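Each chain, written out:
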Amino acid sequence: MSAHGANGTGPHLRRGASFGDESSLIGRRQQLAEAKKMLRHSRLVTLTGVGGVGKTKLATGVADEVRRAFPDGDWLVELGALEDEGLLAQTVATGIGLRDQSARHPLDLLCDRLRDTRSLLVLDNCEHILDGCAALTDRLLRAAPRLRVLATSRQPLGVYGESVLSVPALAVPEPHRTLRPEAAAHYAAVRLFQRRAAEASPEFTLGPENLETVVRLCRRLDGIPLAIELAAAQLRTFTPQEILRRLDDRLELSPDNTTADLPRHETLRASIDWSFALCSPGEQRVWARTSVFAGSCGLDAVEAVCSGDGIPEESILDLVAGLVDKSVLIREEQGAQVRYRLLETIRQYGAERLAEAGEKPVLQQRHRDWYHQLVDRAEAEWLSPRQETWLARLQSEHANLRTALEFCLSEPGQVQEGLDIAASLWFHWLCSGFLSEGRHWLGRALALAPQDTVARGKALWVDGWLSVLRGDTSSALPQLEECRALALRLRDTTTLVHAEQFLGGCALYEGDFRQAIGLLEKAVEGHRAAGDRNGLMTALYQLTVACAMSDDPRAADVGKECLDLCDEAHAPWSRSYALWALGLYRWRQGEPRHAAELLRDALKTRRVVGDGWGIALCLEALAWAAASAGEAEDGARLLGAAEVVGRSVGISQSGFQHLAAGHERTEIRLRTELGERRYTAAVRRGARMGRDRAAEWALYGSSAPATWPPREVAAGQ
């Protein structure tokens, strides 16, 4: 499923993307029209119904039909994998493409982002966090008067003004009615079975010889789409008659009875039971074991987590293929990677089976161990050519990382692992725009593990760093001072070097360049002595900025060392920050055109990885360079763009002390040169461009390509 957002602000979003496919809406014409009508008259519409009835498919179909009525964006946010209700606002913010890097609450940022927009928000699978969804929806609707929300849930949200549409099962032929194949196909349940059967077994056709059997099958399954699809998938192995006979046995019904006395959720449960029974013992165990994954997962993760205890790793591929054939596992392609996921109803069933087998704790720990190892590998390879690969990989694994962290922080004796994972994800929290979420996990872990350990020391300096980057130095200082004291007690030089580095970062962000330089110089020497390239790169970058802003000529040599380190490691994202720092220095030295070349080089990388904060920094510094080069109109336009892009991730460059002077100096200069009317008009033109178009224009000017995203971004999705 896809979504789209105005100005390219959503995650991997493009205009014209479709939420669903045509075949997903068999038999839903009436509900589609009714839901569209409800959305015209109500700002909150909730689609309710039993699991497997097709609420998500209907919601995405509705969103596709009405998208033109919402020019500022429409987004689908899947909540089924969310376990921590405290991350609901952050999850929705991420879902609409808002990368939060400020100290404000994500819900406040959401309200600001949606306040003046005519947009549609689709919240899928709300039932397990119903109270949180109700509170969030109520707040958003009050803050954003032109926002519409379409929710799916097994029960209503209970928000004032909510309209509820109960999604029924698909129509099935009445009992004892004789039909021809063409007439039976008018019933949606039969039509869905026919289509899915043809996909499972291309030689299948609906004809006189199997019509009665198929009709009875659809009635047995009460017209529930998921149950019908599971049954149709069995045609790879069985005939329709064999499927019906086995289903009758499972439902304990005679061929002449109906399922009228069975509640629909029991019918679905029985059909899933039956599908489970038709799986081989190995497939059954892999089905149950894959329920520990949240969202989707790769084959390598399934092999590592689900093998063992009677299932050889080399057999996992065949077992996964069997579950895909049976429509239990959904196969998806994400760029060059194939991933697998369970529909939420199927995943919940698997989780029950896993618990019944007594394997849940073991599998949860295997899951945690796999993702701990993944995070450790990513951190070790961060300063390398694999930076962009690791960023994309961890973004695709975000739901599983949350699940691993939740296990660590809710199971006795696991919190130290949670501290380590949360701290080692520093580059993920930073580069993917999850500063608030990173602090959420670090805060929980630190509160649960007050003992003096190396893991706590690392968590403290990472938490302090994230606070600094959010502009919240008042929260960062106590964390970093505690980290330094802990390091001295433990006599841990690695932790001490990091504590002093980010205390220097605090001084830098507060504009105390002299103190910053002293602390950062010590950190550089400490990292160099320890052979810590990650630490050395970040300390060199911060020292370059501090020297540049205080007109210290050492900025050139320090910045070159930082750039050389990144070039040697072939680390593109880190290299872009070294270029930005050198560009800042060249601007301070009165070389605006040289500065602009460096800044544009940095911007090329940041737009490819979708680094909103980094793009905002580049646009801001390019505005300063343009103003100094006598390009006043361009400078004002870039200032407007930088402010809007900064707000999209919850920050403003003018709010950071080390950037405030440059921003104010440039603004005063441009207002004087252009006059108030021309300055304001140029700033507004820049603000209207949005992030992606602004980056494009900053790089290419009037010769910018006519379409977005650039080819390399589209190919990497």
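What counts, and where the lines are drawn
Residues numbered from 1 in each chain as written. Predicted model: local features only at pLDDT ≥ 70, side-chain atom pairs only at ≥ 80, totals over all residues. Heavy atoms only, no water. Helix = DSSP H or I, 4+ residues; strand = E, 2+ residues; numbered from the N terminus. Rg over C-alpha atoms; globule rule 2.2 N^0.38 Å. Buried < 20%, exposed > 50% of the residue type's maximum accessible area, 1.4 Å probe, protein only. Areas by Shrake-Rupley, 256 points an atom, 1.4 Å probe, with all protein chains shown as cover. Lys, Arg positive; Asp, Glu negative; His and termini not counted. Charge placed at Lys NZ, Arg CZ, Asp CG, Glu CD. Polar contact = N/O pair within 3.5 Å; in protein donor to acceptor, adjacent residues only side chain to side chain. Contact = heavy atoms within 4.5 Å. Pairing = 2+ DSSP bridges. Axes fitted to C-alpha atoms, helices over the stretch in contact; angles between N-to-C directions. Expected span 1.5 Å × (residues − 1).

S.K.: Go over the overall build of the protein chain, please, and point to the residues and values.
M.R.: Counting secondary structure elements, the protein chain contains 33 helices and nine strands. Computed over C-alpha atoms, the radius of gyration of the protein chain comes to 28 Å, within 12% of the 27 Å expected from 2.2 N^0.38 for 717 residues, which places it in the range of a compact globule. Projected onto the principal axes, the alpha-carbon positions of the protein chain cover approximately 90 × 60 × 45 Å. Relative to its 717 residues, the protein chain shows a buried fraction of 59%. Accessible surface, the protein chain: about 28700 Å² in total, of which carbon and sulfur atoms supply 48%. When the 86 basic and 96 acidic side-chain charges of the protein chain are each reduced to a single mean position, those positions are 6 Å apart.

S.K.: Lay out the side chain of serine 153 in plain terms, naming residues and giving numbers.
M.R.: Position of serine 153 relative to the elements: it lies in strand β5 (residues 148-153). Within polar-contact distance, the side chain of serine 153 engages the backbone oxygen of glutamine 155 at 2.6 Å. With sequence-adjacent residues up to four places away left out, serine 153 is seen in contact with Thr46, Leu47, Thr48, Gly49, Lys55, Cys126, Glu127 and Leu130.

S.K.: Help me get a handle on the pairing of strand β9 (residues 337-342), residues and values and all.
M.R.: Regular strands place their side chains on alternate faces of the sheet. As paired elements, strand β7 (residues 296-298) and β9 share three bridges and run antiparallel to each other. Each bridged residue has a counterpart across the sheet, and for serine 296 the counterpart in β9 is arginine 341. Sheet analysis places strand β8 (residues 329-334) next to β9, joined by six bridges and oriented antiparallel. Residue leucine 329 lies in a different strand from β9, and its bridge partner there is leucine 342. In this structure, the hairpin formed by β8 and β9 is closed by a connection of two residues, where glycine 335 is found at a positive phi of approximately 65°.

S.K.: I'd like a description of the sheet that holds β9, backed by residues and values.
M.R.: Taking strand neighbours across the sheet as the criterion, the three strands line up as β7-β9-β8 in an open arrangement whose pairing is antiparallel. Of all strands in the sheet, those with a lone pairing partner are β7 and β8, marking the two edges. Shown here is a sheet whose adjacent strand axes are inclined to one another by a mean of 35°, direction ignored. Across the face of the sheet, helix α14 (residues 316-325) comes into contact with β8 and β9 while running at roughly 105° to β8.

S.K.: Please give an account of helix α18 (residues 398-410) that cites residues and values.
M.R.: In this model α18 runs 18 Å from its N-terminal to its C-terminal C-alpha over 13 residues, within 8% of the 18 Å that 1.5 Å per residue would give. With eleven of its 13 residues buried, α18 lies for the most part within the structure.

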